[in-house]
Amino acid sequence: MSSTGNGGGGERRAGSAGSAAARARLRHAARPAAPQPPAGRRRGGAVEAPDAVRPAQPAPTLAVSQPGPRSDGGPPPAPEHRSEAGPRAGLRARPGRPFPGGPADTPVGPGRPTGGSLLDLLKVAIAILDTAGRVVLWSPAAEELLGWPNELLVGRRIDELIPDPEQVARIRAAIQDTLRHGRWAGPAELLDRDGAPVSVDARISLLVDGDGTPFLQVNMAEAAAVRAVERDLAVRDALFEQSPLGIAIMDTELRYTAVNQTLAEMNGVALEDHVGRTTGETLPERAADEITAIQRQVLATGEPVIDVTLASPVTTRAGYRSISYSRMTDRAGRVLGISGTVMDVTERYRAVAKVEHARRRLSLLNEFGSRVGDLLDASRIAQELASSVVPRLTDHSAVVLLQAVAHGDDLPRHGHDRRTSLLQLGTASVQDGPEVEVMLRRGARITFAEDSACGRVLRTGVPELLSGADQLDDVTYPGDPKMQAARDLGVHSLLVVPLRARGIVIGLLLVSRAGYREGFDRDDLAFTVELADRAGSSLDNARLYARERTAALTLQRTLLPQQVPQPTGVEVAYRYVPGSSGTEVGGDWFDVIPLPGDRTALVVGDVMGHGLRAAATMGRLRTAVRVLAALDLPPDVLLRHVHELADDLAQGPDEALLATCVYAVFDPGTARLTVAKAGHIPPVLVVPGGQAPEPTHEGGPLPGGAGRILDLPSGAPLGVGGVPFESVELKIPEGSLLALCTDGLVESRDKDLDVGLGRLVSVLQEPHASIQAACEAVLDTMEQGREPDDVALLLARLGHGRAGTPTAGWTLPAEPTAVSRARRLVRATLVEWGVEELTDTAELLVSELVTNAVRYASAPIGVRLTLGETLLVEISDPLPDPPRERHAAEADEGGRGLELVHRLALRWGARAEGIGKVVWFEQALPGNEPDGS
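Residues numbered from 1 in each chain as written. Predicted model: local features only at pLDDT ≥ 70, side-chain atom pairs only at ≥ 80, totals over all residues. Heavy atoms only, no water.

Some thoughts on the overall build of the protein
- The helix and strand tally for the protein stands at 26 helices and 35 strands.
- A total of 933 residues make up the protein; the buried ones form 47% of that total.
- Considering only intrachain contacts with a sequence separation of at least 6, the fraction spanning at least 24 residues in the protein is 64%.
- Counting only carbon and sulfur atoms, one obtains 52% of the accessible surface of the protein, whose full area is about 45,400 Å². (Helix = DSSP H or I, 4+ residues; strand = E, 2+ residues; numbered from the N terminus. Buried < 20%, exposed > 50% of the residue type's maximum accessible area, 1.4 Å probe, protein only. Contact = heavy atoms within 4.5 Å. Areas by Shrake-Rupley, 256 points an atom, 1.4 Å probe, with all protein chains shown as cover.)

Quick look at a nonpolar patch on the surface
- Where nonpolar side chains cluster on the molecular surface, the patch consists of M608, L658 and V720 and spans about 240 Å² of accessible area.
- Inspection of the secondary structure puts V720 in the loop between β27 (705-709) and β28 (728-731).
- In this structure V720 comes out as partly exposed when scored by relative accessible area, which is 48%. (Patch = residues over 30% accessible without salt bridge, like charges linked within 9 Å, V, L, I, M, F, W, Y side chains within 5 Å. Salt bridge = Lys/Arg side-chain N within 4 Å of Asp/Glu carboxyl O.)

Focus: the pattern of salt bridges
- All told, the structure shown has 39 salt bridges when counted by the stated rule.
- As a salt-bridge pair, D524 and R361 come within 2.6 Å of each other at their nearest N and O atoms. Remark: R361 occurs in helix α11 (residues 346-372) and D524 occurs in helix α18 (residues 522-559); sequence separation between them is 163 residues.
- Owing to a relative accessible area of 5%, D524 belongs among the buried residues under this scheme.
- Given the relative accessible area of 10%, R361 is considered buried.
- Linked through salt bridges whose partners overlap, the residues forming this network are E367, R371, E384 and R392.

A short note on the packing of aromatic side chains
- One pass over the structure, following the stated rule, counts two aromatic pairs.
- On the numbers, 3.7 Å between centres and 25° between planes, the contact of Y320 with Y349 is stacked. Here Y320, found in strand β13 (residues 320-329), pairs with Y349, found in helix α11; they are 29 residues apart in sequence, far enough to count as distant.
- Overall, the relative accessible area of 25% leaves Y320 in the partly exposed class.
- Its end group placed over the ring of F527, R361 keeps NZ or CZ at 4.6 Å from the ring centre. (Phe/Tyr/Trp six-rings, centres within 6.5 Å; stacked < 30°, edge-to-face > 60°. Lys NZ or Arg CZ within 6 Å of the ring centre and 35° of its normal.)

Quick look at the environment of A822
- With respect to the secondary-structure elements, A822 resides in helix α24 (residues 817-833).
- Classification of A822 as buried rests on a relative accessible area of 1%.
- In this structure the C-alpha to C-alpha distance between A822 and L812, which are 10 residues apart in sequence, comes to 7.9 Å.

Quick notes on the sheet that holds strand β26 (residues 684-688)
- Pairing within the open sheet is antiparallel, and its five strands lie in the order β21-β30-β29-β26-β27. Because the sheet does not close on itself, it has two edges, and the strands there are β21 (570-577) and β27. In this sheet, neighbouring strand axes are inclined to one another by 15° on average, regardless of whether the strands run parallel or antiparallel.
- The pairing of β26 with strand β29 (residues 736-741) spans three bridges and is antiparallel. The partner of L685 across the bridge, within β29, is L738.
- The strands that helix α23 (residues 771-780) touches are β21, β29 and β30 (791-798); relative to β21, the one it contacts most, it runs at about 30°. (Pairing = 2+ DSSP bridges. Axes fitted to C-alpha atoms, helices over the stretch in contact; angles between N-to-C directions.)

Structural notes on the sheet that holds strand β9 (residues 214-222)
- Within the open sheet, the five strands sit side by side as β6-β5-β9-β8-β7. Their pairing is antiparallel. Pairing within the sheet leaves two strands with one partner each, and these edge strands are β6 (135-138) and β7 (183-191). Mean inter-strand twist for the sheet, computed between neighbouring axes without regard to direction, equals 30°.
- Strand direction decides the pairing type here: strand β5 (residues 124-129) and β6, joined by three bridges, are antiparallel. Across the sheet, L129 pairs through a bridge with V135, a residue of β6.

What about the packing of helix α25 (residues 839-856) against helix α26 (residues 897-904)?
- The N-to-C vectors of α25 and α26 enclose an angle of 150°; their axes lie 9 Å apart at closest approach. For α25 against α26, the interelement crossing comes out left-handed. Facing α25, whose interface residues are T841, L844, L845, E848, L849 and N852, α26 presents G897, L898, L900, V901 and L904. (Left-handed = near helix turned anticlockwise from the far one by under 90°.)

A look at the environment of V662
- Note on placement: V662 falls in strand β24 (residues 659-667).
- Residue class for V662 comes out buried when judged on its relative accessible area of 1%.
- Spatially, the C-alpha atom of V662 lies 9.8 Å from that of S714, the residues being 52 residues apart in sequence.
- Those residues in contact with V662 that sit more than four places away from it in its chain are L602, V603, V604, V675, A676, K677, H680, P683 and L740.

Here we look at the nonpolar core
- Grouped together as the largest cluster of nonpolar side chains are 64 residues, with contacts concentrated most on L401 and L499.
- Not counting the four nearest positions on each side in its chain, L401 is found in contact with A378, A382, S421, L422, L423, L425, L499, I506, G507 and L539. (Core = buried A, V, L, I, M, F, W, Y, C linked by side-chain atoms within 4.5 Å.)

Thoughts on the environment of L364
- Looking at where L364 falls in the secondary structure, it is placed in helix α11.
- In this structure, the C-alpha to C-alpha distance between L364 and S388, residues 24 residues apart in sequence, is 7.4 Å.
- Sequence-distant contacts of L364, defined by excluding residues within four places in its chain, comprise S388, R392 and F527.

So, α24
- The end-to-end C-alpha separation of α24 is 25 Å, in line with the 24 Å expected for 17 residues at 1.5 Å each.
- Of the residues trailing α24, G834 is marked for its positive phi of about 80°. (Expected span 1.5 Å × (residues − 1).)

Focus: the packing of α11 against α18
- Closest axis-to-axis distance for the α11/α18 pair is 11 Å, and the angle between their directions is 15°. Taken together, the axis directions place α11 and α18 in an arrangement best described as roughly parallel. Where α11 crosses over α18, the two elements pack in a sense that is right-handed. From α11, H357, R361, L364, L365, N366, F368 and V372 reach across to α18, where they touch D523, D524, F527, E530, L531, R534, A535 and S538.
- Classifying every residue of the contact of α11 with α18 by side-chain character gives seven nonpolar, three polar and five charged. (Parallel < 35°, antiparallel > 145°, perpendicular 65-115°, else oblique. Nonpolar A, V, L, I, M, F, W, Y, C, P; charged D, E, K, R; others polar.)

Regarding helix α5 (residues 165-181)
- Taking 1.5 Å of rise per residue, the 17 residues of α5 would be expected to cover 24 Å, and the 25 Å separating its terminal C-alpha atoms lies within 8% of that figure.
- When we look at burial in α5, the residues that qualify are Q167, V168, I171, A174, I175, D177 and T178.
- Buried-residue contacts for α5 involve β7, β8 (197-208) and β9.

Considerations on unusual backbone geometry
- Each neighbour pair has its own omega, and for V390 with P391 the value is 0°, a cis peptide bond.
- Backbone geometry at D632 places phi at a positive 60°, although glycine is not the residue there.
- Residue placement: D632 occurs in the loop between α19 (612-630) and α20 (635-644).

As structure tokens, then:
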């Protein structure tokens, strides 16, 4: 046995011979043992045990068999014990259990507690020895530790359990040392009943009974269990005393039973002032209430609370703490209280808060970018900028822009001064009220002193952070009502940040905080500058778009009709609505072209595409249509000629012309409408219901009627070809309404074209106060979800000529007598109308034209006179070939008819009509002759 302690020590040795010798000395118990006198007082060489330590009953007589020696020379097996009276005679130590005698090894019986405790975990075996080292008492715990029963060891020397004979002397020396000094402690090694060595931690104390007889009390615990407890205690001490975390132990009344120095320093309360007091008695009331509620919850439910972040309850150490609590129970399950740890997480919290703050700021930047990314209106961008920072960054915000930016003008190249025109176009606030209305009136013109904050920022482009009443007075100019309203609102911190584009300050962003909100800092200023720079780029893009859009619209308007005539027998109304997406003006156009014979051409077209090039192509196409219309060509022939010019009218050499068009000609004298279209949406015709109404004067009410979509041959768009153009001729009732439009009026993203056309028909069928009111009613029904395309709408109310216009007509046979008869009819009619001055010229020209018709035609010849602003004479025949003017030689007897017409008429021409043609000329009325006549 090796032992160290107060009484001595030695090195450990183990030998099989010593173990065998010790067991051999015990096997003599196989012989009947003579009764031994009680230990304590000596009687005939024996020691009688004192009453204080005398066992309850004498050791029973044992019957132990003597096993023979093993064949392999090893120690004999441990003797088998048989006992009638010993209550633990059959108990053996269970090898492999580090803590014998734990709850699993403790039998449950009458008088034995069912719960576990630390003593169940750390078994302390007790033995009483006399001064000679013989066992006087052997406790049940010792039986459980080594497996030797009480009745086998009482009266035997303890050194018989020591495996090494050399250690016997040491343990005897330890006994002697205890007798001299009163105690000894150290490790030891004993054999269990199976012969296996068991390391124990031993304590020997000197006991003296009332008679002065000395005894030795030996306390033994398994060394492994003792080291485990010592390790646990060392860990506890390290964690409790050296931990950087604040640690607290509290009882079931939530009173501190122990705290470490770290927690005492955190709370600002001494260690001794914690013990016996609750959290509410050591911390400020408001902070303690929240912590106490958490402690009670953990104590009641047993559910731990882990890493709950709270503001520091100690005002002198402002910051944040992470608290964790868990309930403590013993091995029997009894609640002992709670334990808690407190960690200062101020830096972590602030780091996380800083990251979260940066994330929110980045989110605000991204959100603002997405909100203004597709905006091309400076006013809307300004409002979005002002709204995006309230309330996340500021309480009040205003966006002030140069007037040039708001109107799409060029940026000024000179420095800003007090004469710079500024408009407040974006405002937002966390509250409403008269003061807010004064400070943040949208559209207000902003003035400032040159030495004010606004003046300095406009000139230098350097942002400024203003705090306090003195600095806030310096924002614009002294006595500014807006700043007085700001003071009334409690504004105490303000940022004046420039909005820049292309190195030029184009406006200001003013944000302010009021009330108890923390003032702006440098981080806020840096973020606001970043936001303002992004807004400045968007505002400059909007300015450029506005400028380009204005230029495009100006070009487009110059290419559209500047004045729309009101021809004879037709009342016209029109509307043109530009597209709504930036500079993307379209190629939609309309036209009203007066034709000879009081006829009128109505045109609506659409060039595919958008932008300036589409607008320019539209202008060329409209010019071509007007030029060809002057030739008085039928609609289908005119569209064919325009199509043949497609390559010359295209936007570029690598781009083909693609356009749609509808061309209609109305003759009020015959009430006929001739229509042809090239891939365009069909016209709508509304015929007055019931009987034909009386002729209405221009500008009168528009009665309702039955509407329909004209079924016309579609034709291919101009520039496509492959499909012939065809004209359709219709007889139109008096007062009918014709509607021509482009697809922007009736198309939408989610509905068919027929739906839009049906809506147009429904609107036009209703009665309206005037044709102008009908135009407005049509535009009011446009789909909100329609494509942002241009809209051209042309409405025409078709009549049969102006009231009071003299008209006369005859049909003559294709005979030579027709010439003289035509002259007589013309003379008599002009005399009747009171324009005798025109008779001679009219007779001559009618004679020439009728003569040509009689010579070449074989069907009746028509003659019609119309007296309006001029005298119109029309000669019709069924021959389709138009007349050709030629220059006759001096010797020629004929060929001068058309030359006379050309020289004497104000205007003349020929047009196809039906299967034939019409040759016409006009004469100016007396007093209306053109200059040089």
